[in-house]
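Next come the chains, spelled out residue by residue.
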Amino acid sequence: MSEPGRVLPSRRTRPTSGRLDRAVRRAGRLLCWSLASGMVTAAADLVLDPRAAWWRSAWLVPWCFTGLSVLAWAVLRARQKAAQRRDEGDVSPGEWEAAA
């Protein structure tokens with residue numbers, strides 16, 4: 001499974017904050033669900049051809065949420081990646097000399 005002395009990655013060893021991870025996951029779920037509901041409403045509009053007056057504006061709502069959630073997820077994911085990179089790149093030149 002793993003070599004002796006190596007630590008498997010776990011939740012406790014992750015460098016990013018748990019709050020940011022949860023926000024990225026929630027934004028990703030919102031993106032997936034809004035995209036799925038947008039596809040369902042677009043298919044219903046195509047197949048069922050509803051004539052209700054409110055339908056013309058109602059079927060656009062999931063697509064608006066999709067656009068907003070794409071932006072939110074992209075910003076949060078970029079912050080998460082930057083936080084991971086900042087934690088991994090904390091090596092000072094003094095430590096490099098000691099390692100050599």
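Refer to the preceding data block for the structure.
Reading the values: the criteria
- Residues numbered from 1 in each chain as written.
- Predicted model: local features only at pLDDT ≥ 70, side-chain atom pairs only at ≥ 80, totals over all residues.
- Heavy atoms only, no water.
- Helix = DSSP H or I, 4+ residues; strand = E, 2+ residues; numbered from the N terminus.
- Buried < 20%, exposed > 50% of the residue type's maximum accessible area, 1.4 Å probe, protein only.
- Contact = heavy atoms within 4.5 Å.
- Patch = residues over 30% accessible without salt bridge, like charges linked within 9 Å, V, L, I, M, F, W, Y side chains within 5 Å.
- Areas by Shrake-Rupley, 256 points an atom, 1.4 Å probe, with all protein chains shown as cover.
- Salt bridge = Lys/Arg side-chain N within 4 Å of Asp/Glu carboxyl O.
- Core = buried A, V, L, I, M, F, W, Y, C linked by side-chain atoms within 4.5 Å.
- Phe/Tyr/Trp six-rings, centres within 6.5 Å; stacked < 30°, edge-to-face > 60°.

**Side note on the overall build of the chain**
- When helices and strands are tallied, the chain shows four helices and zero strands.
- In sequence order, the secondary structure elements of the chain are arranged as α-α-α-α.
- By residue count, 18% of the 100 residues in the chain fall in the buried class.
- Taking all contacts inside the chain whose residues are at least 6 apart in sequence as the whole, residues at least 24 apart take part in 73%.

**Remarks on a nonpolar patch on the surface**
- On the surface, a nonpolar cluster with roughly 350 Å² of combined accessible area is contributed by L35, M39, L60 and W63.
- Within the secondary structure, M39 is located in helix α1 (residues 18–48).

**Some details on the side chain of T41**
- Along the chain, T41 turns up in helix α1.
- Those residues within four positions of T41 in sequence are excluded, and the remaining contacts are W55, W59, P62 and W63.

**Observations concerning the pattern of salt bridges**
- One pass over the full model with this rule turns up one salt bridge.
- D49 is the salt-bridge partner of R51, the closest N and O atoms lying 3.2 Å from each other.
- Taking relative accessible area as the criterion, R51 reaches 73% and is therefore assigned exposed.
- With a relative accessible area of 39%, D49 lands in the partly exposed category.

**A short note on the nonpolar core**
- Of all hydrophobic cores here, the largest spans five residues; its members are L20, V24, A27, L76 and A83.
- Those elements that place two or more of their residues in this core are α1 and α3 (61–88).
- No other element matches α1, which puts three residues into this core.
- Beyond its immediate stretch of four places on either side in the chain, V24 contacts W73, L76, R77 and Q80.

**Here's the deal with the packing of aromatic side chains**
- With the rule as written, the count across this model stands at one aromatic pair.
- Plain terms: the ring middles of W54 and W55 are 5.9 Å apart, the flat faces sit at 75 degrees to each other, and that makes the pair edge-to-face.
- For W54, a relative accessible area of 56% corresponds to the exposed category.
- Since its relative accessible area comes to 13%, W55 is described here as buried.

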